[in-house]
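# Chains, contacts and geometry: an overview
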Amino acid sequence: MFIDQADLDWSKILVSGNRMFIGSNAAAPNALMKNLIENAQGLTDVELVHILTLQAPEWAQPQHRNMFTINSLFLGSGVRDEVAAGYADYTPCFLSEIPSLFKEGILALDVALIMVSPPDDFGYCSFGVSVDVVKAAAEAARIVVAQINPQMPVTSGQAFIHIDEIDHCILIDEPIVELQSPELDPVTEQIGQYVSLLIEDGDTLQLGIGKIPDAVLCYLNDHKDLGIHTEMFSDSLIDLVASGVVNNRKKTFHNGKIISSFCMGSKKLYDFVDHNPHIEFHPSEYVNSPVNIARNDNMVSINSAIEVDLSGQVVSDSIGYRFYSGIGGQVDFIRGASMSKGGRPIIALPSTAKNGTVSKITAFITEGSGVVTSRGDVHYVVTEYGIATLRGKSIRQRALELIKIAHPKFREQLLAQVRKHMRVPHYQLQSPCRVPELGDIEDKILRLDNQKFILRPLAPSDERHLQEFFYSHKKETLLMRYNYRPTRMSRETSSSLVAVDQSTDVALCITNNIGPGEKIQAVGRYYYVAQGNCAEVAFVVREEQQGKGMAKTLLRWLISIARERNLDAVIAYTRKDNRPMQNIFSAFDFKKIQQDQDEVYFELKLKPQ
């Protein structure tokens, strides 16, 4: 049944000018390719078609340029350099549509080189850790050459090929190539924590590979009943399955099953998927079909990017004119999640690159770069500085949202670019200002009354949020806050209240995500009073959130900031009948200085007199 490597006669399989597919990811048949290179016997101009291969490909070395012409559908190490040098090609295509290139003869395949498990008692070999586009290639190619590897895991789903469909079988026993989990850094961990705020119990997730997906999974231990429908996964998923956080009980498509098309990781991961009936591997045209993805209610897709411009356009396959990776499955899952009932497509990326010298939130796309995901597809963008909500936002609102999560040192420059192109009205005065006392990562994740909230500085992008917050108040709340009942907050007024010079005054808010949007739940601010070197504080909390400790949380931070700025005192005025607010000031050791017919004046000394 099997032939020895030494007996493999490539002259009976390949001729010069043929097109050959090479298996994907951790299932690339590297031993077969090595054998081909060593025994080519004058073979030239063979077009190699493949997506990512995990190990640096020997066939992409410059000395093999006469033998092979590479046409890659997703770039990785080695191939990336050959494309940049002009000796290899990159063909952009959605991962869900690559199989049709083979089946419809657009990229007609003469030969497919694959790696599979030994056949079972019924003659079926498993594609193992990489079904993705391999299954379609094996079905479309005229000749199939398989490396039969006893170390290949046997996976379930549409993951099998019968031995009779393989033309040449070569037994080569070798370990599956492993991918070690990356070390997480503080920036990535912060991004993971913010993304976790957008994930609800019972959601179905798509996660890619790399530090950000791993960081997200680290912050899901308190979630319940999560499901997985993803093109790939790695080791970080194992613990969540073992703990029961991922159990797929609430999935509305393939209930009870993890659905994927390939995996890459350690031997622990490969052992985990081997003969595991709870995990099914299906081809890319099935797993990545936006229609199938959308059949999962509450589908959350999490993908990364190279840069995002201020309108929300996402670049993820190129750095300027240099192609870096590929379209892959990003658009498939972004669109599938946006079509899903309750779905949330998320782009997550660090705010900077090149050791902090380059902003990844950009005023405009870098020359030569290509948009992979359009501005109409993106709902959320997350950096270590917070969450930008783009769905339903105007171009101006999107720009302000994205500036808010850019690195602070680039915000002024980004706003200047926006103003230059007339996307911001004349009354929009400032870019988001830092509050250094909150730390380098300003947004703080809070748990109040067993719910998650974010404490952060107010920003210019909160103009509409603050208007909505104002109009949500009852007349009694407005009276207690302003000592009269204002009836309107204009756009100009709201803009002036959120465009705060945080180096002098301080304006903080507590927010959370309600459905697809962010809502302000509480605002606390102080105004610096030069005469007396003190800060006058004021608060307002949404009625349904009162009693959860939001005012106390805001006051605690405002006092701390005032102390760090060496102010002498914090003062406050409150209505005589506002007993809850008076109790809060008393709890922080404010002294009641005076009381007249309508107001009570409180003071907290920060320095000894």
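Scroll up a little and you will see the structure.
Residues numbered from 1 in each chain as written. Predicted model: local features only at pLDDT ≥ 70, side-chain atom pairs only at ≥ 80, totals over all residues. Heavy atoms only, no water.

### As for the overall build of the protein chain
Worth spelling out the cut-off: Strands here mean DSSP runs of E at least two residues long; helices mean DSSP runs of H or I at least four residues long; both are numbered from the N terminus. In short, Shrake-Rupley with a 1.4 Å probe defines the accessible areas, and a residue's cover is counted only from the protein chains shown.
When its secondary structure is counted, the protein chain shows 18 helices and 35 strands. Dimensions of the protein chain, computed from the C-alpha atoms along their principal axes, are close to 100 × 50 × 40 Å. Summed over its atoms, the accessible surface of the protein chain is roughly 25,000 Å², and 48% of this surface lies on carbon and sulfur atoms.

### A short note on empty space enclosed by the protein
Here is the rule: Computed over the protein atoms alone on a 1 Å grid, cavities are sets of points where a 1.4 Å probe fits but cannot get out and pockets are open sets with protein on both sides within 12 Å along at least five of seven lines; a residue lines them when it has an atom within 4 Å of a point. Grid points are joined across faces, edges and corners, and a volume is the space filled by probe spheres set on the points. Side-chain classes are defined by residue name, with Ala, Val, Leu, Ile, Met, Phe, Trp, Tyr, Cys and Pro counting as nonpolar, Asp, Glu, Lys and Arg as charged, and the others, Gly among them, as polar.
With the rule as written, the count across this model stands at four cavities of 30 Å³ or more. Roughly 100 Å³ of internal volume is contained in the largest cavity. Around the largest cavity, the lining residues are Tyr385, Lys404, Arg411, Pro432, Cys433, Glu442, Asp443, Arg456, Pro457, Leu458 and Ala459. For the lining of the largest cavity, the residue count by class is six nonpolar, no polar and five charged.

### Brief notes about the pattern of salt bridges
Under the convention used in this document: Every case where a carboxyl oxygen of Asp or Glu lies within 4 Å of a side-chain nitrogen of Lys or Arg is listed as a salt bridge. For each residue, the accessible area found with a 1.4 Å probe, counting protein chains only, is set against the maximum for its type, and the residue is called buried under 20%, exposed over 50%, and partly exposed in between.
By the definition in use, this model includes 23 salt bridges. For glutamate 139, the salt bridge identified is with lysine 135, shortest N-O distance 3.4 Å. On the criterion of helical spacing, the pair formed by glutamate 139 and lysine 135 is a turn pair, its members being four residues apart in helix 4 (residues 134-140). Glutamate 139 gets classed as partly exposed once you look at its relative accessible area, which sits at 47%. Lysine 404 is the salt-bridge partner of glutamate 401, the closest N and O atoms lying 3.4 Å from each other. Of this pair, glutamate 401 and lysine 404 both sit in helix 12 (residues 395-405), three residues apart, roughly one helical turn. The class of glutamate 401 is buried, set by a relative accessible area of 0%.

### Quick word on helix 7 (residues 236-243)
For clarity, the threshold we go by: By definition, residues are in contact when any of their heavy atoms lie within 4.5 Å.
Every buried residue of helix 7 is accounted for by Leu237, Ile238 and Leu240. Close packing links the buried residues of helix 7 with helix 6 (211-218), strand 12 (227-228), strand 13 (232-233), strand 14 (258-260) and helix 8 (267-273). With its phi angle positive at about 90°, glycine 244 sits one or two positions after the end of helix 7.

### Looking at the sheet that holds strand 19 (residues 314-315)
As a reminder, the rule being used: Criterion used throughout: strands pair if DSSP finds at least two bridges between them.
Reading across the sheet, the three strands line up as 19-18-25 and stay open at both edges, with mixed pairing between neighbours. Edge positions in the sheet fall to strand 19 and strand 25 (361-362), since each of these pairs with one other strand and no more. Bridging between strand 18 (residues 307-309) and strand 25 involves two bridges; their strand directions are parallel. When the bridges of strand 25 are listed, aspartate 309 appears paired with threonine 362.

### Brief notes about the packing of aromatic side chains
Counted only if it meets this: Aromatic pairs are defined between Phe, Tyr and Trp rings, using the six-membered ring for Trp, whenever the two ring centres lie within 6.5 Å; interplanar angles under 30 degrees are classed as stacked, those over 60 as edge-to-face, and all others as tilted. By the criterion adopted, a ring carries a charge over it if an Arg CZ or a Lys NZ lies within 6 Å of its centre and within 35 degrees of its normal.
For the structure on display, the rule yields nine aromatic pairs. Arranged with centres 6.3 Å apart and planes meeting at 45°, the rings of phenylalanine 539 and phenylalanine 585 form a pair that is tilted. In this pair, phenylalanine 539 sits in strand 32 (residues 534-541) while phenylalanine 585 sits in helix 18 (residues 579-587), placing the two residues 46 residues apart along the sequence. Note on phenylalanine 539: relative accessible area 7%, which makes it buried. Relative accessible area serves as the criterion here: at 2%, phenylalanine 585 is assigned to the buried category. Arranged with centres 4.9 Å apart and planes meeting at 35°, the rings of tyrosine 573 and tyrosine 601 form a pair that is tilted. With tyrosine 573 in strand 33 (residues 569-575) and tyrosine 601 in strand 35 (residues 599-605), the pair connects residues that are 28 residues apart, well separated along the chain. Overall, the relative accessible area of 43% leaves tyrosine 573 in the partly exposed class. Residue class for tyrosine 601 comes out buried when judged on its relative accessible area of 14%. Cluster of aromatic residues (ring-pair linked, three or more members): Phe539, Phe585, Phe590 and Phe602. We note arginine 80 situated over the ring of tyrosine 324; from NZ or CZ to the ring centre the distance is 4.0 Å. The ring of tyrosine 385 has arginine 411 sitting right over it, with the charged end atom 5.6 Å from the ring centre.

### Here's the deal with the sheet that holds strand 14
The sheet built from three strands is open, its strands ordered 8-16-14 with parallel pairing. Strands with a single pairing partner mark the edges of an open sheet, and in this sheet they are strand 8 (156-157) and strand 14.

### Thoughts on the pairing of strand 33
To keep things clear, this is the line we draw: Handedness of a crossover is defined as follows: orient the strands so they point away from the viewer, and if the path from the first strand over the helix to the second runs clockwise, the crossover is right-handed.
Counting buried positions along strand 33 gives six out of seven residues, so the element sits mostly inside the fold. Relative to strand 33, strand 32 is paired through three bridges, and the arrangement is parallel. Within the sheet, the bridge partner assigned to glutamate 536 lies in strand 33 and is isoleucine 571. Following the chain from strand 32 across helix 17 (residues 550-564) to the adjacent parallel strand 33, one finds a crossover that is right-handed. Alignment of strand 33 against strand 35, held across seven bridges, turns out to be antiparallel. When the bridges of strand 35 are listed, alanine 569 appears paired with lysine 605.

### Brief notes about the nonpolar core
To be explicit about the condition: Nonpolar core, defined: a set of buried Ala, Val, Leu, Ile, Met, Phe, Trp, Tyr and Cys residues in which side-chain atoms within 4.5 Å join the residues together.
Counting 78 residues, the largest nonpolar core has Phe102 and Ile114 as the members making the most contacts within it. Every residue in contact with phenylalanine 102, bar those within four places of it in the chain, is listed here: Phe21, Val49, Leu73, Leu107, Leu109, Val133, Ala136, Ala137 and Ala140. Counting residues in hydrophobic clusters, the runner-up holds 35 residues, among them Val506, Leu554, Phe590 and Val600.

### Section: the pairing of strand 3 (residues 68-72)
Counting buried positions along strand 3 gives four out of five residues, so the element sits mostly inside the fold. Where strand 2 (residues 46-50) lies against strand 3, five bridges are found, and the strand directions are parallel. From the neighbouring strand, glutamate 47 faces strand 3, where its bridge partner is threonine 69. With three bridges connecting them, strand 3 and strand 4 (residues 88-90) associate as parallel partners. Following the sheet pairing, serine 72 is matched in strand 4 by tyrosine 90.

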